[in-house]
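What follows is the residue order along each chain.
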Amino acid sequence: MVVFKEIILPVLLLIAGFGMLVKGADIFVEGSSKIAKKLGVSQLFIALTIVAMGTSIPETAVTLLAALQGNEDLALGNIVGTNILNIVLILAFTAVLIPLSVSKSTIKYEIPIMTGTTVVFSFLGLGSWLFTGWHGSKAVLKDGMFSRIDGVILLFLFSGYLFYLYKLAKKGKAYKEKALVVYEKPVTWSFLILISIAGLGLIIAGSSMAVEGATRIAEKIGISQRTIGLTIVAFGTSLPEMATSVTAAIKKHHDLAVGNIVGSNIYNMLFIGGITSVIKPISYSPAFRTDSLVCIAVSVLLLLLIVMNKNKMLTRFSGAIMLCIYAAYTVSICL
């Protein structure tokens, strides 16, 4: 009985969660793609808004719950770890499977916005340790802190990002240049909304089960809260993004696959980081300095790898490079 509860049950939860995620992502991608067709806007706009925010619901729930329970390293590890993992694992793995073409708008606007957001987020969290205090004759570094003011700043920037998307969609710039044709068979709005909600529900439920199983396994092994947040929990809450991006790529919806990741990263830092800080100010310890720098570096690397390709694609080779970086990073934090 003990063996079943402590070992077999967590593994079963993990496997069941994966299954629900894959099926949920398939339904969700199908529904959101058809919504885009009916609206006459591109997959990229839907990816940066509905899909990105929808697949980030697990991160929102986990981060808020962890912060309220006082597990601050777990909460921040989830945000930072998820954003690193989204780029150098999920997007990289998707590119290795199917090379991804990247739209001009994503290269010129969305990825730079994501990179800038990462810099601002890291500065707000770690800003206080840039200033040293003195204890006798020794300089003392202070831990960072996400205050309510920092949270308001992040939410203000998030509202600005939403306004930016609205203006671009309204003008038709970058999005309607790739507008989709109207879906051949008439499909009701109620049906599309229903299947999208059903798919998202499966994604969230599957993610919750997978995280629960993975966390129990990690606790049994015995690793730190920060490490769990940066690896196991970040991976678990990123499963919706992985399932959605891979499924979208297989269905040849490249804008959906890439936009999902870029939009999710922006949402994670600005909205989740902002709302969490407003509700419960959280400390950002110096232990996250390296993780913050890695997060910024991989965002810049993503842009460089795409720009350096003459066809502006994320190739299998680029994906392989990023996977190696993620492997090295994971090994370093686990050690």
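Residues numbered from 1 in each chain as written. Predicted model: local features only at pLDDT ≥ 70, side-chain atom pairs only at ≥ 80, totals over all residues. Heavy atoms only, no water.

**Some points on the overall build of the protein**
Within the protein, the secondary structure is distributed over 12 helices and 6 strands. Burial status across the protein gives 53% buried among its 335 residues. Across the protein, every contact between residues at least 6 apart in sequence was considered, and the portion connecting residues at least 24 apart equals 84%. (Helix = DSSP H or I, 4+ residues; strand = E, 2+ residues; numbered from the N terminus. Buried < 20%, exposed > 50% of the residue type's maximum accessible area, 1.4 Å probe, protein only. Contact = heavy atoms within 4.5 Å.)

**Some words on the nonpolar core**
Soluble globular proteins tend to pack their nonpolar side chains together in the buried interior. Ranked by internal contacts, the top residues of the largest apolar core, which has 83 residues, are F121, L302 and L314. For this core, the element with the highest residue contribution is helix α4 (residues 72–97), accounting for 14 residues. The residues contacting L302, other than those within four sequence positions of it, are I87, L91, I111, M114, L314 and M322. (Core = buried A, V, L, I, M, F, W, Y, C linked by side-chain atoms within 4.5 Å.)

**Let's talk about helix α12 (residues 316–334)**
Counted at 1.5 Å a residue, the expected span for α12 with its 19 residues is 27 Å, and the 27 Å between its end C-alpha atoms agrees. Along α12, the residues that are buried comprise S318, G319, M322, Y326, Y329, T330 and I333. In an axial view of α12, the angular spread of the buried residues amounts to 105°, which keeps them on one side of the axis. In α12, the exposed positions that point more than 90 degrees away from the buried face belong to F317 and C324. (Expected span 1.5 Å × (residues − 1). Arc of directions from axis to C-beta.)

**Quick notes on a nonpolar patch on the surface**
Nonpolar side chains collect at one region of the surface, where V120, I149, I153, F156 and L157 lie side by side and expose about 460 Å² of accessible area between them. Ranked by residue count, the leading element in the nonpolar patch is helix α6 (residues 148–171), at 4 residues. Within the fold, I153 resides in helix α6. (Patch = residues over 30% accessible without salt bridge, like charges linked within 9 Å, V, L, I, M, F, W, Y side chains within 5 Å. Areas by Shrake-Rupley, 256 points an atom, 1.4 Å probe, with all protein chains shown as cover. Salt bridge = Lys/Arg side-chain N within 4 Å of Asp/Glu carboxyl O.)

**Thoughts on the environment of K104**
Looking at where K104 falls in the secondary structure, it is placed in helix α5 (residues 104–126). On the basis of relative accessibility, which here comes to 71%, the residue K104 falls in the exposed class. In this structure the C-alpha to C-alpha distance between K104 and K312, which are 208 residues apart in sequence, comes to 8.4 Å.

**With respect to the packing of aromatic side chains**
Using the criterion set out here, one finds 9 aromatic pairs in the structure. With centroids separated by 5.4 Å and ring planes inclined at 45°, the aromatic side chains of F146 and Y284 adopt a geometry described as tilted. In this pair, F146 sits in strand β4 (residues 144–146) while Y284 sits in strand β5 (residues 282–284), placing the two residues 138 residues apart along the sequence. The exposure class assigned to F146 is buried, which follows from its relative accessible area of 1%. Geometrically, the ring pair formed by Y284 and F288 is edge-to-face, given 5.3 Å between the ring centres and 80° between the ring planes. This pair shows no difference in class: Y284 is buried, exactly as F288 is. (Phe/Tyr/Trp six-rings, centres within 6.5 Å; stacked < 30°, edge-to-face > 60°.)

**Describing helix α3 (residues 57–68)**
When the terminal C-alpha atoms of α3 are compared, their 17 Å separation across 12 residues agrees well with the 16 Å that a helix rising 1.5 Å per residue should span. Looking at α3, one finds that the buried residues are P58, E59, T60, T63, L64, A66 and A67. Positive phi shows up at G70, right after α3, with a value of about 85°.

**Digging into the packing of helix α11 (residues 289–307) against α12**
Relative orientation and spacing of two packed helices are given, respectively, by the angle between their axes and the distance between those axes. Relative orientation of the contacting elements α11 and α12 amounts to 175°, with a least axis distance of 11 Å. Put simply, α11 runs roughly antiparallel to α12. Residues D291, V294, L301, L302 and L305 of α11 pack against S318, M322, I325, Y329 and I333 of α12. The residue inventory of the contact of α11 with α12, partitioned by class, reads 8 nonpolar, 1 polar and 1 charged. (Axes fitted to C-alpha atoms, helices over the stretch in contact; angles between N-to-C directions. Parallel < 35°, antiparallel > 145°, perpendicular 65-115°, else oblique. Nonpolar A, V, L, I, M, F, W, Y, C, P; charged D, E, K, R; others polar.)

**A short note on unusual backbone geometry**
Backbone geometry places K252, a non-glycine residue, at a positive phi of 65°. Positionally, K252 belongs in the loop between α9 (239–250) and α10 (254–279).

**A short note on the packing of α4 against α12**
Here α4 crosses α12 at 145°, and the two axes come no closer than 8 Å. In the packing of α4 onto α12, the handedness of the crossing is left-handed. Every residue of α12 that contacts α4 at I84, L85, I87, V88, L89, A92, F93, A95, V96 and L97 is listed here: R316, G319, A320, M322, L323, Y326 and Y329. (Left-handed = near helix turned anticlockwise from the far one by under 90°.)

**Section: the side chain of S264**
For S264, the position within the fold is in helix α10. Side-chain polar atoms of S264 contact the backbone oxygen of N260, separated by 2.7 Å. Discounting chain neighbours no more than four positions away, the residues touching S264 are A52, T55, S56, N86, E241 and G259. (Polar contact = N/O pair within 3.5 Å; in protein donor to acceptor, adjacent residues only side chain to side chain.)

**What to know about the environment of I228**
Looking at where I228 falls in the secondary structure, it is placed in helix α8 (residues 225–237). Judged by its relative accessible area of 9%, I228 is buried. Beyond its immediate sequence surroundings of up to four residues, I228 is in contact with L74, A218, E219, I223, V233 and A234.

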